[in-house]
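# Observations on the three-dimensional arrangement
Here is what each chain is made of, one letter per residue.
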Amino acid sequence: MCMRTIEQTTQEILELATKQFKVPAGSLAAGDDFYGKLGIDSLQALEMLSRLENHFHIELPDYEVQGVSDFKTLAERIQARL
Amino acid sequence: MLDLRKYNSVGEALRDALETWPTEVCLIESDRGEEKQRLTYRQFRQQALPIAKTLQDLGIAAGDRVAIIMTNQSKWLISAYAIFFCGATLVPLDFKLKPEEQWQLLKHSGAKILITEFGIWRQLSASPGRAAAANLQAIYATEAPENADMAGAHHWEEAQPVNAPIFVPQQRRDIACIVYSSGTGGTPKGCMMTHENYLEQCMALTSLYPFWPGVRYLSILPTNHAIDFMVGFFGPFTCGAAVVHLRTLRPEYVREAFAKYQITYVSLVPLVLKNLQRGLQARFDKLPAPKRKALEAVRSINRSLTKDRPRPWLSRRLLGQVHSAFGGKLEAIIVGGAFTEPQTLQFFYDLGISVANGYGLTEAGTAVTVNDLKPFRADTVGKPLPGMEVAIRNPDADGIGEVTVRSKTVMAGYLNEPALTAETIVDGWLRTGDMGRFDPSGHLQLFGRKKNMIVTEEGKNVYAEDVEQVFENLLVKEFCVFAANFIWPQRSMMNEKLLLVVHLEPGQAFTEELKTEIGARNSWLINYKRVHGIVLYHEDFPLTASLKIKRGELAQRLAALDREKSILPL
């Protein structure tokens, strides 16, 4: 059973992305488009996903996150797997 | 390899390949570093024939269309062979498209059967677009859990008919595949590829970059992509080679696969090649200064020793550690799908890793030119492949004009689009819309496009008109999307961007709210389709009698604006 709320999951994703891409703390928000905000390409997004998988101890197939570009939707996809 | 001159169809050649190398490994499938499957050609055949029989039992006959939407995996190729065995036409669709886009193309293609993965099917079946594709009679989904809600689909693995299927022959001019080169937002461009297109392309490519039993090709580009279909399926199979599939393309697993499976060839788009370059450069930068200097010296020696042609055995000795990271057996990285920066190509070549960059398009049967590496040239896209006639149409004073191609690999036309086909193939010559010229040594150099489109570093074609849908009903007088280089030709294939040109209502101000609205709509698009800036234009757009925008004329008018000053970044 999932012990995290969607808000907690989202917050953890934002913190991990902040660390990985070395952006100022608190500068990312749930609704942000991570391609635009972080200036990353699709491969860097996959690298971020690997870190999130390790953190949450889940596996997300590539196609499930295809087309996802904001933290909020990403959090929902992760939450569904927790 | 098989002598492909003797064959009439892709299915016929594959059928012989499966019988020629029964004990050779043809497929390896790995998921997150763990090998999940290894199939010989005989085992591949054993898995494919029941699927072929199932298709035949469903009434699939010569010329019927069967679509595949799958990630790169063994069942993609097994299903494709089953489709060819039935004499049917394969419609390979991009699993990365949004469900509604996939439904749109399923409808357009007229596919009767869809073969997909359960995970993809879950998303597709939940999409409202399903109702539109009434042509679809049955869906087969792979890897579904036993008690899963199949939403009307059948389990692929349960296709176990009793009788053997009957091979259905095809002729060279029959349609083997319908490959969508673009057009999910506007006019779908379904390239009708004949069996001859594939047979001829395969012969041309393997004459320069041969496969043989024991070769391992790492399949990273999606197999629906024309390049991977050729060099990650048809090419290796007709030579008895093996294809390695990874179920996830996380960069760490891709890097690991090179060494683990001692990869011989891989095809990459520039984005992935640059990612590898970044990874290697970061490792080099971390070396202590003396080691870094030593590496530079060896790299320089390698560069001079391989100036006229690659010497893989020598480079492997000189730069052993780098080559070990790539498995030590890498013959070449094939780069395609989009233009690659010369410095990236040179980076790898200086390390003794041959990078075969080329130029092609789906409409021409994939590759038109490829570098033969004799010598390596980072500044060109190589010479025409055997059997390709390439001519420059209407060259200017510098010899630059539209690249046109005539060969047996050129598609039969666009599905259901005779007018578009007639505009694209004129007197047997395919007008590519790309601008280029030949240098004195016969190498093709590219200098931008005539078309209002961009090709991303991921190898995605994006036509400006196809992204306009998301801006519909925007509260402005009129708008139009352009490729920046279409308005302001750059004589370069680099930095291609889309722009939204906006004409405001009289008295309307360009407010922060409007900019936010444009940004929000833009984010509905998948990242590589997004516009990168806004251009405000203060005159009425030129229109046709049927009130369509005269895009060419508008682009000419916009060209009078200063490029740098006119683009407001989004």
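What you see is a predicted model; the values in this text were computed from it and never measured. (Residues numbered from 1 in each chain as written. Chains lettered and ligands numbered in written order. Predicted model: local features only at pLDDT ≥ 70, side-chain atom pairs only at ≥ 80, totals over all residues.)

All right, on to the overall build of chain A then. Helix and strand content of chain A: four helices and zero strands. Its helices and strands taken in sequence order, chain A reads α-α-α-α from the N to the C terminus. The C-alpha atoms of chain A give a radius of gyration of 12 Å, which matches the 12 Å a tight globule of 82 residues would have. Taken along the three principal axes of its C-alpha coordinates, chain A extends 35 × 25 × 20 Å. The contacts of chain A with a sequence gap of at least 6 include a subset with a gap of at least 24, amounting to 58%. (Helix = DSSP H or I, 4+ residues; strand = E, 2+ residues; numbered from the N terminus. Rg over C-alpha atoms; globule rule 2.2 N^0.38 Å. Contact = placed C-beta atoms within 7 Å.)

What follows concerns the pairing of strand E3 (residues 65–69) of chain B. Residues and elements named next belong to chain B. Most of E3 is tucked away, with five of its five residues classed as buried. Residues Arg 65, Ala 67 and Ile 69 of E3 are buried on one face, and the alternating residues Val 66 and Ile 68, pointing to the opposite face, are buried as well. As defined by bridge partners, E3 adjoins strand E4 (residues 89–92) across four bridges and the pair is classed as parallel. Each residue of the ladder has a partner; that of Ile 68, found in E4, is Pro 92. Handedness of the E3-helix H3 (residues 74–85)-E4 crossover: right-handed. Across four bridges, the pairing between E3 and strand E5 (residues 113–117) is parallel. (Buried ≥ 20, exposed ≤ 12 C-beta atoms within 10 Å, placed from the backbone. Pairing = 2+ DSSP bridges. Right-handed = clockwise from strand over helix to strand, strands pointing away.)

Next up on the list: the sheet that holds strand E26 (residues 498–503) of chain B. All names here are of chain B. Across the sheet, which stays open at both edges, the four strands sit in the order E25-E26-E27-E28 with mixed pairing between neighbours. Looking at which strands have only one partner, the edges of the open sheet turn out to be strand E25 (478–483) and strand E28 (567–569). Averaged over neighbouring strand pairs, the angle between their axes works out to 30 degrees when direction is ignored. In the sheet, E26 pairs with strand E27 (residues 531–536) via five bridges, with the strands oriented parallel. Looking at the pairing, Val 502 lines up with Leu 536 of E27. (Axes fitted to C-alpha atoms, helices over the stretch in contact; angles between N-to-C directions.)

Okay, the nonpolar core next. Soluble globular proteins tend to pack their nonpolar side chains together in the buried interior. Residues and elements named next belong to chain B. Counting 162 residues, the largest nonpolar core has Leu 55, Val 66, Ala 82 and Ile 333 as the members making the most contacts within it. Counting residues per element, this core draws most heavily on H3, which supplies nine residues. A domain-level breakdown of this core finds at least three residues from each of domain 1 (4–266) and domain 2 (269–449). Residues within four places of Ile 333 in sequence aside, it is in contact with Val 266, Leu 268, Leu 273, Phe 348, Ile 353 and Val 355. Listed in part, the 30 residues of the second largest apolar core include Cys 480, Leu 498, Ile 526 and Leu 558. (Core = buried A, V, L, I, M, F, W, Y, C linked by C-beta atoms within 7 Å. Domains from an automatic or database assignment.)

With that settled, consider the domain arrangement of chain B. Residue and element names in this part refer to chain B. When cut into domains, chain B gives domain 1 (4–266), domain 2 (269–449) and domain 3 (456–569). For domain 1 versus domain 2, the distance between C-alpha centres works out to 26 Å. Every contact between the two is made by 37 residues of domain 1 and, on the other side, 38 residues of domain 2. Secondary-structure elements contributing two or more residues to the side of domain 1 that touches domain 2 are strand E8 (175–182), strand E9 (189–194), helix H6 (195–208), helix H7 (226–237), helix H8 (251–260) and strand E12 (265–268). Of the residues belonging to the side of domain 1 that touches domain 2, the class tally is 23 nonpolar, 10 polar and four charged. (Nonpolar A, V, L, I, M, F, W, Y, C, P; charged D, E, K, R; others polar.)

Accessible area lost when the parts come together is the quantity often used to give the size of an interface. Contact residues are listed per partner, giving 16 residues for chain A and 18 residues for chain B. Residues belonging to the side of chain A that touches chain B are distributed by class as follows: six nonpolar, five polar and five charged.

Quick look at unusual backbone geometry now. All names here are of chain B. With an omega dihedral of 5 degrees, the bond running from Lys 374 to Pro 375 counts as a cis peptide bond. Along the chain, Pro 375 turns up in the loop between strand E15 (366–370) and strand E16 (383–384). You will see that Arg 32, though not glycine, has its phi angle at about 50 degrees, which is positive. Tracing the chain through its elements places Arg 32 in the loop between strand E1 (25–31) and strand E2 (34–40). Take Arg 32: there are 15 C-beta atoms within 10 Å of it, and that puts it in the partly exposed class. In this structure, Leu 373 takes a positive phi of about 65 degrees despite not being glycine. Within the secondary structure layout, Leu 373 lies in the loop between E15 and E16. For Leu 373, a count of 20 C-beta atoms within 10 Å gives the class buried.

This part covers the sheet that holds E16 of chain B. All names here are of chain B. Taken together, the nine strands give an open sheet; going across it, the order is E2-E1-E11-E10-E12-E13-E14-E15-E16, and neighbouring strands pair in mixed fashion. A strand with exactly one partner marks an edge of an open sheet, and here the two such strands are E2 and E16. Relative to E2, E1 is paired through six bridges, and the arrangement is antiparallel. When the bridges of E2 are listed, Glu 29 appears paired with Gln 37. Strands in contact with helix H2 (residues 41–57) are E1 and E2; relative to E2, the strand with the most contacts, it is inclined by about 90 degrees.

Once that is clear, we can look at the environment of Thr 432 of chain B. Residue and element names in this part refer to chain B. By the secondary structure assignment, Thr 432 is in strand E21 (residues 429–438). Taking the C-alpha atoms as reference, Thr 432 lies 41 Å from Asp 285; in sequence the two are 147 residues apart. Aside from chain neighbours lying at most four places away, what touches Thr 432 is Leu 361, Glu 402, Val 403, Thr 404 and Val 405.

Before going further, it helps to examine the packing of H6 of chain B against H7 of chain B. Residue and element names in this part refer to chain B. At a minimum axis distance of 10 Å, the contact between H6 and H7 shows a crossing angle of 95 degrees. What the angle tells us is that H6 and H7 run roughly perpendicular. Here Tyr 198, Gln 201, Cys 202, Leu 205 and Thr 206 of H6 lie close against H7, whose contacting residues are Met 230, Val 231, Phe 234 and Gly 235. Classifying every residue of the contact of H6 with H7 by side-chain character gives six nonpolar, three polar and no charged. (Parallel < 35°, antiparallel > 145°, perpendicular 65-115°, else oblique.)

Quick look at the environment of Gly 413 of chain B now. All names here are of chain B. Residue placement: Gly 413 occurs in strand E19 (residues 413–414). Note on Gly 413: 18 C-beta atoms within 10 Å, which makes it partly exposed. With 89 residues separating them along the chain, Gly 413 and Ser 324 place their C-alpha atoms 45 Å apart. Once residues within four sequence positions are removed from consideration, Gly 413 is found in contact with Met 192, Thr 421 and Ile 425.

Confidence in the prediction of chain B, expressed as mean pLDDT, is 93, and 99% of residues score 70 or more. Prediction confidence for the complex, expressed as pTM and ipTM, is 0.89 and 0.82 respectively. (pLDDT = per-residue confidence, 0-100.)

Before going further, it helps to examine helix H3 (residues 42–56) of chain A. All names here are of chain A. Look at H3: 21 Å from first C-alpha to last across 15 residues, which is about the 21 Å you get at 1.5 Å a residue. Restricting attention to buried positions, one finds in H3 the residues Ser 42, Leu 43, Leu 46, Met 48, Leu 49 and Leu 52. At the C-terminal side of H3, His 57 shows a positive phi close to 55 degrees. (Expected span 1.5 Å × (residues − 1).)

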